[in-house]
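Coordinates in review
These are the residues of each chain, in order.
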Amino acid sequence: MSDLLSSLGHAVVYAVLAGALLVLAYYVLDLVTPGHLGSHLRGVDERGDESVHAASKSAAVVTSAWLVSNAAVLFTAIWTNGARDLGEALGWTLAFGALGIVLNAVMFFVIEAITPGDLRKIVTSPGPVRPLAYVAASSALSVGLIVCASIA
């Protein structure tokens, strides 16, 4: 019973740390895109009213990929280091989680620099998913996989 309670406690601590890092990842993406990311996702027009026509499906694709990428890094860090001392394993999770967020932000700007147009505006424009959003989403997933491979 003691092992079960200890494992449940560890799961709660990992979930809190991972949840905080995913919230941080969301806000970093919010910082690198123009306007308020939540407004682009909800579809808020100039008057502040919600409208499906103001929603950016591109922002939804990129945000989803960004969060999955960072969640994969956190999962891999926890899975790979879970047998270590809890404090050491949390340190690995925090370090690689932060690295994944930073590398995703850097790669977002690299993709913007090497592709035509303004990626940040394209990603947040209302309407259907734009092809460049798929590129940004794929880039985020690729960064996550590379960081996962470096952990394992």
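My aim in this report is to walk through the structure given alongside it, one point at a time. (Residues numbered from 1 in each chain as written. Predicted model: local features only at pLDDT ≥ 70, side-chain atom pairs only at ≥ 80, totals over all residues. Heavy atoms only, no water.)

Time to look at the packing of aromatic side chains. Pairs of aromatic rings are described using the distance from one ring centre to the other and the angle between the two planes. Following the criterion strictly, the structure yields five aromatic pairs and no others. Here the aromatic rings of Trp66 and Phe108 are separated by 6.3 Å at their centres, their planes lie at 75°, and the arrangement is edge-to-face. Of this pair, Trp66 sits in helix H3 (residues 57–81) while Phe108 sits in helix H4 (residues 86–114), placing them 42 residues apart in sequence. An identical accessibility class is assigned to Trp66 and Phe108; each is buried. Members of the aromatic cluster, joined through ring pairs, are Trp66, Phe108 and Phe109. (Phe/Tyr/Trp six-rings, centres within 6.5 Å; stacked < 30°, edge-to-face > 60°. Helix = DSSP H or I, 4+ residues; strand = E, 2+ residues; numbered from the N terminus. Buried < 20%, exposed > 50% of the residue type's maximum accessible area, 1.4 Å probe, protein only.)

Take the nonpolar core next. Of all hydrophobic cores here, the largest spans 25 residues; its most connected members are Leu29, Val62, Trp66, Phe108 and Leu119. Breaking this core down by element, the ones donating at least two residues are helix H1 (2–32), H3, H4, helix H5 (119–124) and helix H6 (131–151). Top contributing element to this core by residue count: H1, with eight residues. Excluding residues that lie within four positions of it along the chain, Phe108 makes contacts with Leu29, Val32, Thr33, Val62, Trp66, Leu119, Arg120, Val123 and Ala136. If you look at the next biggest cluster of nonpolar residues, it comprises seven residues, including Phe96, Val147, Cys148 and Ile151. (Core = buried A, V, L, I, M, F, W, Y, C linked by side-chain atoms within 4.5 Å. Contact = heavy atoms within 4.5 Å.)

So, to be careful, I would describe these as geometric facts and stop short of saying anything about function.
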